Amino acid sequence: ARVIDVGAEYKGYYSDITRTIPASGRYSERQAQLYNIVLNAQVVSIGTLRHGVTFGIVREATERILLQGLLELNLLTGDLDDIYNSGVMSLFLVHSISHGVGLDVHDRLPAPLNNVFILEAGMAIAMESGIYFYRHDIEEARSNPDIAPFLNFDEVLNWISIAGGGFDVEWGNSCRRCCCNNTNWIQENLLLEKVTEEVFTSKLEA
């Protein structure tokens, strides 16, 4: 799989769009499982964007969906609350789930985007869910007593060959008072396969 991170610009305004596409033209069953976990977390995070909501609520909702997905894939073991509180998410999600967009791909917001940051109507932010597999960090986690008990190390290491570096989904959003404006994500993995197949076909015919 290949991660494509695009800083899109239109009439002086920027957004940030990231997708993970199958290098072969088709997701394997396991790649599709992982992609859909990340996509589901993205959908949930966007659904929490409301005027007056603190960013900590958005972050926790997103991370819990990602962790639940890793539990269902048997990469993690234990109680979801305990897993969340252990901080193991930082092993798989190595960047912030959001940043400002607008006049730049990474635009400044009125204050740091931390857990107490309060969203306001009209703010433009990119939401970015992801799951990553870095062998060095995973091996180091064996000696971390806070997170090691929740990790099925053999299973996690197996996923490195399946997922490569990881899977990432990101797009820009405008925060509203009642809902958040965003793109249609229904069966997005199937759309990406179709686009990839068309690109491969056009190159073969050229």
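A. Representation of the side chain of His-99 in the model. Checked against the element boundaries, His-99 lands in strand 3 (residues 98-100). Here Asp-16 takes part through its side chain, which lies 3.0 Å from a polar atom of the side chain of His-99. Of the polar contacts made by the side chain of His-99, one reaches the backbone oxygen of Val-105; its length is 3.4 Å.

B. Expanded view of a nonpolar patch on the surface. Side chains of Ile-4, Val-6 and Ile-17 sit close together on the surface and give an oily, nonpolar patch of about 210 Å² of accessible area. Relative to the assigned elements, Ile-4 resides in strand 1 (residues 2-10). Ile-4 gets classed as partly exposed once you look at its relative accessible area, which sits at 39%.

C. Structural view of helix 2 (residues 55-72). Between its first and last C-alpha atoms helix 2 spans 26 Å; for 18 residues at 1.5 Å apiece the expected length is 26 Å, and the two agree. What helix 2 keeps buried is the set Phe-55, Gly-56, Val-58, Thr-62, Glu-63, Leu-66, Leu-67, Gly-69, Leu-70 and Leu-71. Where helix 2 is buried, its residues contact helix 1 (29-47), helix 3 (80-86), helix 4 (89-92), strand 3 and strand 4 (124-132). Positive backbone phi, at 70°, marks Asn-74, one or two positions downstream of helix 2.

D. Examining the packing of aromatic side chains more closely. One pass over the full model with this rule turns up four aromatic pairs. Taking the centre distance of 5.3 Å and the plane angle of 45° together, the rings of Tyr-27 and Tyr-35 count as tilted. Exposure remark for Tyr-27: the relative accessible area of 8% places this residue in the buried category. The class for Tyr-35 is buried, based on a relative accessible area of 0%. On the basis of an interplanar angle of 75° and a centroid distance of 5.9 Å, the ring pair of Phe-92 and Phe-133 is categorised as edge-to-face. Here the residue Phe-92 occupies a position in helix 4, and Phe-133 occupies one in the loop between strand 4 and helix 5 (135-141), the gap between them amounting to 41 residues. On the basis of relative accessibility, which here comes to 0%, the residue Phe-92 falls in the buried class. By relative accessible area, which is 3% here, Phe-133 ends up buried.

E. Broad picture of the pairing of strand 1. Sheet analysis places strand 1 next to strand 2 (residues 13-21), joined by nine bridges and oriented antiparallel. Bridge pairing links Tyr-10 to Tyr-13 in strand 2. Here strand 1 folds back onto strand 2, and the loop between the two strands holds two residues, one of which, Lys-11, carries a positive phi near 55°.

Analysis parameters
- Residues numbered from 1 in each chain as written.
- Predicted model: local features only at pLDDT ≥ 70, side-chain atom pairs only at ≥ 80, totals over all residues.
- Heavy atoms only, no water.
- Helix = DSSP H or I, 4+ residues; strand = E, 2+ residues; numbered from the N terminus.
- Polar contact = N/O pair within 3.5 Å; in protein donor to acceptor, adjacent residues only side chain to side chain.
- Patch = residues over 30% accessible without salt bridge, like charges linked within 9 Å, V, L, I, M, F, W, Y side chains within 5 Å.
- Areas by Shrake-Rupley, 256 points an atom, 1.4 Å probe, with all protein chains shown as cover.
- Salt bridge = Lys/Arg side-chain N within 4 Å of Asp/Glu carboxyl O.
- Buried < 20%, exposed > 50% of the residue type's maximum accessible area, 1.4 Å probe, protein only.
- Expected span 1.5 Å × (residues − 1).
- Contact = heavy atoms within 4.5 Å.
- Phe/Tyr/Trp six-rings, centres within 6.5 Å; stacked < 30°, edge-to-face > 60°.
- Pairing = 2+ DSSP bridges.

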